[in-house]
There are 2 protein chains.
Amino acid sequence: MADNTLVIIGGDAAGMTAASKVRREQPDRKIIVFEKSQYTSYSACGIPYFISETVKSAEELVVRSPEEFRKKYKIDVRTMHLVLEVDTDNKKIKVLDKEKDEEIWQEYDQLLIATGGHSFCPDIEGQDAENAFGISTLKSGIKLEKYIEDKKPKSAVIIGGGYIGLEMAEALLIRGLKVTLINRSEQVMNTLDPDMGAMVSDAVRNLGVTLYLNEELKAFDLKDNMIKGVVTNKRTIKADIVIFGMGSAPNTAFLKGSKIKLGVKDAIAVNTKMETNIKDVWAAGDCAETFHLVSKKQVYIALGTLANKSGLVAGSNIAGEKSVFPGGVGTAVCKVCSYEVARTGLLEKDLKAMKIDYVTATTKSKTRAHYYPGAKDITVKLLAEKKSGRLLGAQIIGEEGAAKRIDVLATALTHNLTVQNIIDLDLSYAPPFSPVWDPVQTAARKLINDI
Amino acid sequence: MADNTLVIIGGDAAGMTAASKVRREQPDRKIIVFEKSQYTSYSACGIPYFISETVKSAEELVVRSPEEFRKKYKIDVRTMHLVLEVDTDNKKIKVLDKEKDEEIWQEYDQLLIATGGHSFCPDIEGQDAENAFGISTLKSGIKLEKYIEDKKPKSAVIIGGGYIGLEMAEALLIRGLKVTLINRSEQVMNTLDPDMGAMVSDAVRNLGVTLYLNEELKAFDLKDNMIKGVVTNKRTIKADIVIFGMGSAPNTAFLKGSKIKLGVKDAIAVNTKMETNIKDVWAAGDCAETFHLVSKKQVYIALGTLANKSGLVAGSNIAGEKSVFPGGVGTAVCKVCSYEVARTGLLEKDLKAMKIDYVTATTKSKTRAHYYPGAKDITVKLLAEKKSGRLLGAQIIGEEGAAKRIDVLATALTHNLTVQNIIDLDLSYAPPFSPVWDPVQTAARKLINDI
């Protein structure tokens, strides 16, 4: 097409990062963004803090509004537009204008799919009940907050103990609800090894959450499109509201009839340039796969950091530059009241599955010099290849000052550093910030004995 | 000698780390430690916090007492023993027993020199005055604290605006003194570039410190061995107490007649095994040189982290293992009231001296998501080689949550990562901990435009 139109599906992190990048490099390029909600560029990760009223208004979570993109960036953002179908043979997409209830076809020269993810929920009757909430979009967060405000629910059942489940547990405790969390496996936070996950389970119970492990959602006890109780394999739990915290799934159902290849967990298959298998079609963010730099496999990880990075790379390549998104190592952090949890790299179960001979060490130390006020407990677990000593994974649980220490280990993992390399690092020390051996080095000093 | 005696001079970080390591590997080895004070293994870095009464007693700063080393570790620790002379030809040292006022000769098979450093002071009359204090040893810290308690001084002049000077400014402000700091160069903290140093100067002034830059100590106004005023090239400043914060110098004067080679700033010249030029003589900690991994030069850096690491390596090699201390990158952090300052690697002046073509970028962002309560300002400056993009230095100034971010950059520096590598790092993010792009990556994203 003569006007070289870039069409982007999805107006959040990956989509708008790409749109902004293309606009910077190609000031006159025609860019159309279709966004199904009325919001663009908001922090989905901030929603639990809006629910807890730590953040006072939903608007604070919005980085840039559709209006701002239209005026300042000359990007044609069309909110309340849901894309229904992609026809890559004819380079066009079918879009529903939700306000006018009209379907239109839009042609593209290049297409970026950045539709994000949604809160996963098994196909059980009642998942659309009035008091059931996923919180993957700002709209769903606002809906939940309004429900709490209007209906004053007294009890909540959270299904799933991942990051979102735990952050929502904190939020609802702060709002004064009685919180029950059910978790299918034997530990919350299955991105940790069981021994570390057990510490988080203890911490969550300490906060006053009723925690049922090894329990699976079987059905909802429904009345007039309202959930009255959550039925598990062991009991029925009364619930004024139900929260889905079972993790994210990619928004790719609309691609099922298209020629665009889906990969792991139905995320869009991409290469390191964020290209799909179809020429001129790109994908980025929570709807796409990520290459895992340690396991060397494509994985599905829905995280704002990866969405921003992959969106930037997609935008750069669409604008004609040559950029590569090498991938991630699965770094993530989570705060649950005073507790901080962090992880990066592979777990013991991953290493067993890959038949890698590994060693681990776990050490407990302090976030500051032992004598400095406010020194908190921090537990660091490291996993390394036995033969080479190469770091393969790390997990941290502690209180204030614990979580961000994972970044050194994420850096180490990414660049194939060994446990000895970690001991040798010239990390910063002063009594208000650290013991003289940083806790990550204390763990490395223990682990080196097994290598 | 038959009993294979290890003699260690100095009973603090490097010396006792080495002693403990040798004891672990060689349970029956004869180990004698001569320590000039009555204390072993204390945190000299904690002294400012003892002065400020943040730490209530000096004993809290002691990790292990001489008694504990003697009983639990079977290490013959002799406190109040000052080593006067080393005779490497005859493998013996001359020691003054300060309590008995007796000189003895002690033979050694292997010798580790770990005498540490002292607060540097130019040779000016009055440096030994009753109200003049260096605080490089626990003894000197206790003396100062007692003086403040007994004499209730109202004003202090700190000479030198390095880490110790600034930490002491905080401590004395907390104790209610009027604090004046004089600094020879145009900025405090000369381990930062001038633009970043100026921000620290502003911060220090904000705290209520009277700061005189470009002012040099010329003399003390003395009366009865008490300093009444500090005379600079511009004025005389009334002082009830004077603190030396001009940095550290190695305790190596007693080696001047020996065959042991001194290097940079009279620190003991060592190789990566912590061996001196003389067989069976080792050195570690603040009395020895450190290899700088970025400049590839021997430097003098007095820091607890390097003392512990080099002491461990010395001990390991003395015990017959094969260990290497690769060196440091000059990482350091400092807290001054609510401000945090961190640095690693080289400065602009270093790069100019080395004729390296470099680029820099400085960005201001937040320590947490912009909407999350407690998000503080953080300014990050990066320096990189223009041609390759390799990171060469970094400096951070901010408030809570700022300083420890230097560790990722120290890791990056040590392993030759480029600015693009830093952008690609999978660093952790959740709203309570970071913006979605960590501040160090925000700086890298700006800098990449110049590479």
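It should be emphasised that the depicted structure is a prediction, and the values quoted were computed from it without experimental measurement.

Asks: Mind laying out a positive patch on the surface, listing which residues take part and the relevant values?
Replies: All names here are of chain A. Residues K36, K98, K139 and K143 make up a contiguous surface patch of positive charge. Its location among the elements puts K36 in the loop between β2 (31-35) and α2 (47-51). The exposure class assigned to K36 is partly exposed, which follows from its relative accessible area of 33%.

Asks: Talk me through the sheet that holds strand β25 (residues 391-398) of chain A; I want residue IDs and the actual numbers.
Replies: All names here are of chain A. An order of β21-β22-β25-β24-β23 is seen for the five strands of this open sheet, with the pairing classed as antiparallel. In this open sheet, the two strands that pair with only one neighbour each are β21 (332-336) and β23 (358-366). Here the strands of the sheet are splayed against their neighbours by 10 degrees on average, with no regard to which way each runs. One ladder, built from nine bridges, connects β23 with strand β24 (residues 377-385); its direction is antiparallel. Paired with A361 across the bridge in β24 is L382.

Asks: Help me get a handle on the side chain of S41 of chain B, residues and values and all.
Replies: Its place among the elements puts S41 of chain B in the loop between β2 (31-35) and α2 (47-51). In this view, S41 of chain B contacts G11, D12, M16, L61, V62, V63, R64 and F69 of chain B; residues no more than four positions away in its chain are not counted.

Asks: I'd like to hear about the packing of helix α9 (residues 406-414) of chain A against helix α9 (residues 406-414) of chain B, residue by residue, with values.
Replies: Where α9 of chain A meets α9 of chain B, the closest approach of the two axes is 8 Å, and the angle between their N-to-C directions is 20 degrees. With respect to α9 of chain B, the axis of α9 of chain A lies roughly parallel. α9 of chain A and α9 of chain B meet at a crossing whose hand is right-handed. Two secondary-structure elements touch here, α9 of chain A through D407, V408 and T411 of chain A and α9 of chain B through D407, V408 and T411 of chain B. Class assignment for the residues of the contact of α9 of chain A with α9 of chain B results in two nonpolar, two polar and two charged.

Asks: Give a description of the sheet that holds strand β24 (residues 377-385) of chain B that names residues and reports values.
Replies: Residues and elements named next belong to chain B. Pairing within the open sheet is antiparallel, and its five strands lie in the order β21-β22-β25-β24-β23. Of all strands in the sheet, those with a lone pairing partner are β21 (332-336) and β23 (358-366), marking the two edges. Geometrically, the sheet is characterised by an average inter-axis angle of 10 degrees between neighbouring strands, direction not taken into account. Pairing of β24 with strand β25 (residues 391-398) involves seven bridges; the strand directions are antiparallel.

Asks: I'd love a proper account of the packing of aromatic side chains, names of residues and values included.
Replies: With the rule as written, the count across this model stands at 10 aromatic pairs over all chains. Between Y39 of chain A and Y42 of chain A, the ring centres sit 6.4 Å apart and the planes meet at 80 degrees, which makes this aromatic pair edge-to-face. As far as burial versus exposure is concerned, Y39 of chain A and Y42 of chain A are alike and both buried. With a centroid separation of 5.1 Å and an interplanar angle of 85 degrees, the aromatic rings of Y49 of chain A and Y372 of chain B are classed as edge-to-face. In this pair, Y49 of chain A sits in helix α2 while Y372 of chain B sits in the loop between β23 and β24, so the two residues belong to two different chains. Judged on exposure class, the residue Y49 of chain A and its partner Y372 of chain B are both buried. The lysine or arginine in question, K92 of chain A, covers the ring of W105 of chain A, its NZ or CZ lying 4.6 Å from the ring centre.

Asks: Give a description of the relation of the copies chain B and chain A that names residues and reports values.
Replies: Rotating chain B by 180 degrees and translating it 0.0 Å along the rotation axis places it on chain A, where the RMSD comes to 0.0 Å. Between the two chains, the operation in question is that of a two-fold axis. Identified as the residue of chain B closest to the rotation axis by C-alpha distance is V408 of chain B, at 2.5 Å. Mapped onto chain A, 100% of the interface residues of chain B again fall at the interface, so both copies present the same surface.

Asks: Give a detailed account of the pattern of salt bridges, specifying residues and quantitative values.
Replies: Residues and elements named next belong to chain A. Throughout the structure, instances matching the rule amount to 62 salt bridges over all chains. Notably, a salt bridge pairs K71 with E67, separated by 3.8 Å at the nearest N-O pair. With K71 and E67 both in helix α3 (residues 66-73) and four residues apart, the pair spans about one turn of that helix. Looking at K71, the relative accessible area reads 66%, which means it is exposed. Residue E67 is classed as partly exposed on the basis of its relative accessible area of 40%. Between K366 and D377 there is a salt bridge, with the nearest N and O atoms lying 2.8 Å from each other. In this pair, K366 is assigned in strand β23 and D377 in strand β24, connecting sequence segments 11 residues apart. Note on K366: relative accessible area 33%, which makes it partly exposed. Counted as one network, the salt bridges with shared partners bring together E53, E145, E149 and R175.

Asks: Could you give me a rundown of the domain arrangement of chain A, with the residues and numbers involved?
Replies: Interface size is commonly expressed as the accessible area that is lost once the parts come together. Partitioning chain A into domains gives domain 1 (6-36 + 80-117 + 249-318), domain 2 (121-246) and domain 3 (341-450). Its C-alpha centre places domain 1 of chain A at a distance of 30 Å from the equivalent point of domain 2 of chain A.

Asks: So, helix α6 (residues 194-206) of chain A: which residues are in play, and what are the values?
Replies: Residues and elements named next belong to chain A. Over its 13 residues, α6 runs 18 Å from end to end, which matches the ideal 18 Å to within 8%, given 1.5 Å per residue. Taken together, the buried positions of α6 are occupied by M196, G197, V200, S201, A203 and V204. One face of α6 carries all of its buried residues, which in axial projection span an arc of 165 degrees. Where α6 is buried, its residues touch α5 (163-174), β12 (210-212), β22 (339-345), β23, β24 and β25. Note on α6: the residue one or two positions beyond its end, G208, has a positive phi of about 105 degrees.

Asks: Now, about unusual backbone geometry: what can you tell me, with residues and values included?
Replies: The backbone of N225 of chain A sits at a positive phi, close to 60 degrees, despite the residue not being glycine. Structurally, the position occupied by N225 of chain A is in the loop between β13 (217-223) and β14 (226-232). By relative accessible area, N225 of chain A is classed as partly exposed at 45%. With a phi close to 50 degrees, K91 of chain B is a non-glycine residue in the positive phi region.

The rules we used
Residues numbered from 1 in each chain as written. Chains lettered and ligands numbered in written order. Predicted model: local features only at pLDDT ≥ 70, side-chain atom pairs only at ≥ 80, totals over all residues. Heavy atoms only, no water. Patch = residues over 30% accessible without salt bridge, like charges linked within 9 Å, V, L, I, M, F, W, Y side chains within 5 Å. Areas by Shrake-Rupley, 256 points an atom, 1.4 Å probe, with all protein chains shown as cover. Salt bridge = Lys/Arg side-chain N within 4 Å of Asp/Glu carboxyl O. Lys, Arg positive; Asp, Glu negative; His and termini not counted. Charge placed at Lys NZ, Arg CZ, Asp CG, Glu CD. Helix = DSSP H or I, 4+ residues; strand = E, 2+ residues; numbered from the N terminus. Buried < 20%, exposed > 50% of the residue type's maximum accessible area, 1.4 Å probe, protein only. Pairing = 2+ DSSP bridges. Axes fitted to C-alpha atoms, helices over the stretch in contact; angles between N-to-C directions. Contact = heavy atoms within 4.5 Å. Parallel < 35°, antiparallel > 145°, perpendicular 65-115°, else oblique. Left-handed = near helix turned anticlockwise from the far one by under 90°. Nonpolar A, V, L, I, M, F, W, Y, C, P; charged D, E, K, R; others polar. Phe/Tyr/Trp six-rings, centres within 6.5 Å; stacked < 30°, edge-to-face > 60°. Lys NZ or Arg CZ within 6 Å of the ring centre and 35° of its normal. Least-squares fit on C-alpha atoms with pLDDT ≥ 70 in both. Domains from an automatic or database assignment. Expected span 1.5 Å × (residues − 1). Arc of directions from axis to C-beta.

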